[in-house]
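What follows is each chain in one-letter form.
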Amino acid sequence: MKLSPLQWLAVAAVIVVVSVAASPTADTPPAAAASVTDTAEDDDDDGGGGSSVFPFKALQLYNTVADYLEYIFDIVIAPITGGVSNKKQTPNRVSYKKFQIIRVLPSDEDEVLDIEAMSEEPGVQVWLPIRLNRTADLVLPPSVAREVKRFLTQREINFIVLSSDLERSIHKQNPKSPSDNQKSELKATKGHVMTWNRYHRYQDILDYLMYLSDNYPHLVELLNIGKTVEGRPLKVVKISSGQTRENVVKPAIWIDAGIHAREWISPAVALFILRQLVENKSYRTLISELDWYILPMINADGYEYSHTVDRLWRKSRRTAATKLGRTLWDTSYGCDGVDLNRNWDWHWAGVGASQDPCSDTFAGSHAFSEPETRAVSDFILDHRERIQVYLTLHSYSQMWLVPWSHTKKLADDYDDMIYLARQATEAIQKVHGSQYQLGTTPSLLYTTSGCSDDWAKGKAGIKYSYTIELPDKGMYGFLLPADKILSTGKEIFTGIKSIAKSILKINSMKEKTKLKG
């Protein structure tokens, strides 16, 4: 068998690690090494059970050698035998049986501090931030649920239980997948299996994009802008009726969704918007004067993982340990992945972002460390002269957010952004009566950095940059039932139509002013 230079390097690395780590003086000064040996011998003599240093050193050696051997298996043996290491096997599905969701309402700063301290308990998740006089949603594992509720009662902190069994709520969210026969019937009648009464897997989404491209070639172009860390394609849908006037560049609107894996409603709404723009002839005027770039799924790896393993997974699926630099923390659950909405090159790794790989807001090793964010940012920068609106869909809390996220200071053109956003939220309210709060992220949620909307405005220069937090306000949270997809899609599309019309009006006024000048 012929090994590549990298493979030989890995083999050599294992030999070096073993030989060095096995040495009494490895990573230890000579005097200290002697004391370790002496201590071990003394403990043997008096029956004390051994040194506290030696077991830890042995554990380090075990982890290091095991990690490197696994790496050798993956790059040398697996390609030949077709096998995989245990770490590559599909993990068991995470169960949230008897987990509870509670909503708390702190009425003073002491209660805020109490709830924040309580949220540090193992397994507790915070869905909405803990703020004074605002509700916060927390997920409690059964091991602490009773004690937490007793603590809140003793402190007279208001709370209600939204779900007494989170696993049951998860099962209710999405209808059972159709059978193969039903899928065949759908494909025969519609040409695809996409519906808006259930949350679909990523392959169904890709198939629908291909369907649109094949059946509407005069309007739809599929642009492959890169791949996820696990190799899934990132496909942008360009919707355009072509050039309208000679020497006039059409403005464009960008929409992305699915940057956080568990927010299933966001890609579903993006797909609804796609359907309306492409398959509904009533909206042809929206694509005759504007081009649209829509990426319905940024975090495809995390999205699939949330379907197959952990419904509440948020981050991407970047393996925590790099190949020739493995660390001990990569064995803990939750330490894989990067928060793709903290990975953008705008005040990266600042407030509201973590440098702990095991945190849900881990910002990555550096700005744009992830292929997903690099691909999107490169595409946007290549088209920055045309893109006049940046929209990113998230959930939940029903908010229309404007930059900045990293500071409480308002942008210089805050009033311009708010004016268009207010028109959009008012249009949304007329559909089903849904009310969307309007403001900056720090004023309504929390201060955070390295986010896509800030980057789009600050680096790409897109004036009208918004984050839309989709429904609901917490009754279902991330588990919004699939029967809410259509109603949510309709109202958000109405809001986006308002933004599009405002942009066309602004451009028309600019053109008239230019002609007069």
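Residues numbered from 1 in each chain as written. Predicted model: local features only at pLDDT ≥ 70, side-chain atom pairs only at ≥ 80, totals over all residues. Heavy atoms only, no water.

Colleague: Which residues make up the overall build of the protein, and what values do they have?
Modeller: For the protein, the count of helices and strands is 16 helices and twelve strands. The burial tally for the protein puts 51% of its 517 residues in the buried class. Long-range pairs, those at least 24 residues apart, make up 73% of the contacts in the protein between residues at least 6 apart in sequence. (Helix = DSSP H or I, 4+ residues; strand = E, 2+ residues; numbered from the N terminus. Buried < 20%, exposed > 50% of the residue type's maximum accessible area, 1.4 Å probe, protein only. Contact = heavy atoms within 4.5 Å.)

Colleague: How would you sum up helix α12 (residues 371-382)? Please name residues and give values.
Modeller: Across its twelve residues, α12 extends 16 Å between first and last C-alpha, which sits within 8% of the 16 Å expected from 1.5 Å per residue. Turning to α12, its buried residues are Pro371, Glu372, Thr373, Ala375, Val376, Ser377, Phe379 and Ile380. (Expected span 1.5 Å × (residues − 1).)

Colleague: If you had to explain the sheet that holds strand β4 (residues 158-163) to someone new, which residues and values would you point to?
Modeller: Within a sheet, neighbouring strands are paired by backbone hydrogen bonds and run either parallel or antiparallel to one another. Judged by pairing direction, the sheet is antiparallel, and its four strands sit side by side in the order β2-β3-β1-β4 without closing on themselves. The open sheet has two edge strands, β2 (125-126) and β4, and neither has a second partner. (Pairing = 2+ DSSP bridges.)

Colleague: Can you lay out unusual backbone geometry for me, pointing to particular residues and giving the numbers?
Modeller: Residue Tyr396 is bonded to the preceding Ser395 through a cis peptide linkage, with omega at 10°. Structurally, the position occupied by Tyr396 is in the loop between β9 (387-395) and β10 (399-402). Of note, the bond from Pro403 into Trp404 is cis; its omega dihedral lies within 30 degrees of zero at 10°. Along the polypeptide, Trp404 turns up in the loop between β10 and α13 (414-432). Although it is not a glycine, Glu156 sits at a positive phi angle of roughly 60°. Exposure remark for Glu156: the relative accessible area of 66% places this residue in the exposed category. A positive phi angle, near 140°, is found at Ser397, a position not held by glycine. Relative to the elements of secondary structure, Ser397 occurs in the loop between β9 and β10.

Colleague: So what about the packing of helix α8 (residues 202-215) against helix α9 (residues 265-279)? Which residues, and what values?
Modeller: Closest axis-to-axis distance for the α8/α9 pair is 12 Å, and the angle between their directions is 10°. Of the possible angle classes, the one that applies to α8 and α9 is roughly parallel. The handedness of the crossing between α8 and α9 comes out as left-handed. Facing α8, whose interface residues are Ile205, Tyr208, Leu209, Tyr211 and Leu212, α9 presents Leu271, Leu274, Arg275, Val278 and Glu279. A per-class count over the contact of α8 with α9 returns eight nonpolar, no polar and two charged. (Axes fitted to C-alpha atoms, helices over the stretch in contact; angles between N-to-C directions. Parallel < 35°, antiparallel > 145°, perpendicular 65-115°, else oblique. Left-handed = near helix turned anticlockwise from the far one by under 90°. Nonpolar A, V, L, I, M, F, W, Y, C, P; charged D, E, K, R; others polar.)

Colleague: For the packing of aromatic side chains, give the residues involved together with the corresponding values.
Modeller: As enumerated under the stated definition, the model contains 17 aromatic pairs in all. Aromatic side chains Tyr96 and Phe99 sit 5.0 Å apart centroid to centroid with 75° between the ring planes, which places their arrangement in the edge-to-face category. In this structure Tyr96 comes out as buried when scored by relative accessible area, which is 5%. Pairing Trp344 with Phe368 gives two aromatic rings, centres 5.5 Å apart and planes at 75°, and the pair type is edge-to-face. Remark: Phe368 occurs in the loop between α11 (300-308) and α12 and Trp344 occurs in the loop between α11 and α12; sequence separation between them is 24 residues. Among the aromatic side chains, those forming a connected cluster through ring pairs are Trp127, Tyr396 and Phe478. In this structure, Arg275 is placed above the aromatic ring of Trp196, and the distance from its NZ or CZ to the ring centre is 4.6 Å. Above the face of the Trp313 ring, Arg317 is positioned so that its terminal group lies 4.7 Å from the ring centre. (Phe/Tyr/Trp six-rings, centres within 6.5 Å; stacked < 30°, edge-to-face > 60°. Lys NZ or Arg CZ within 6 Å of the ring centre and 35° of its normal.)

Colleague: Let's hear about the sheet that holds β10: which residues, and what values?
Modeller: An order of β5-β6-β8-β7-β9-β12-β10-β11 is seen for the eight strands of this open sheet, with the pairing classed as mixed. Both outer strands of the open sheet, β5 (220-227) and β11 (437-440), are each paired with one neighbouring strand and no more. Strand-to-strand twist in this sheet, taken as the mean axis angle between neighbours without regard to direction, amounts to 20°. Where β5 and strand β6 (residues 233-239) come together, seven bridges link them in antiparallel fashion. Following the sheet pairing, Leu222 is matched in β6 by Val237.

Colleague: Summarise the side chain of Lys235; cite the residues concerned and give the values.
Modeller: Looking at the secondary structure, you find Lys235 in strand β6. Within the buried set, Lys235 has no salt-bridge partner at all; the shortest N-O distance to an opposite charge, 9.8 Å, is to Asp207. Not counting the four nearest positions on each side in its chain, Lys235 is found in contact with Leu206, Leu209, Leu222, Leu223, Asn224, Ile294, Leu295 and Pro296. (Lys, Arg positive; Asp, Glu negative; His and termini not counted. Salt bridge = Lys/Arg side-chain N within 4 Å of Asp/Glu carboxyl O.)

Colleague: Residue-level account of the pattern of salt bridges, with values.
Modeller: Summed over all chains, the structure comprises 17 salt bridges. Among the salt bridges present, the one from Arg103 reaches Asp137, with a minimum N-O distance of 2.8 Å. Residue Arg103 is found in strand β1 (residues 100-105), and its partner Asp137 is found in strand β3 (residues 136-140); the two are separated by 34 residues along the sequence. Asp137 shares its class with Arg103; the two are buried. For Arg150, the salt bridge is made with Glu147, and the minimal N-O distance between the two is 2.9 Å. Within this pair, Arg150 and its partner Glu147 are both found in helix α5 (residues 142-154), separated by three residues, close to a single helical turn. Within the structure, one salt-bridge network assembled from shared partners comprises Asp413, Asp416, Lys457 and Lys463.

Colleague: So what about the state of the cysteines? Which residues, and what values?
Modeller: Applying the stated criterion across every chain yields a total of one disulfide. Paired through a disulfide, Cys335 and Cys358 show a sulfur-sulfur distance of 1.9 Å. Between Cys335 and Cys358 the disulfide shows an S-S torsion of about 95°. By sign, it is right-handed. With a gap of 23 residues between them, Cys335 in the loop between α11 and α12 and Cys358 in the loop between α11 and α12 connect regions that are remote in the sequence. Among the residues examined, Cys335 registers a relative accessible area of 1% and is labelled buried. By relative accessible area, which is 33% here, Cys358 ends up partly exposed. (Disulfide = S-S within 2.5 Å.)

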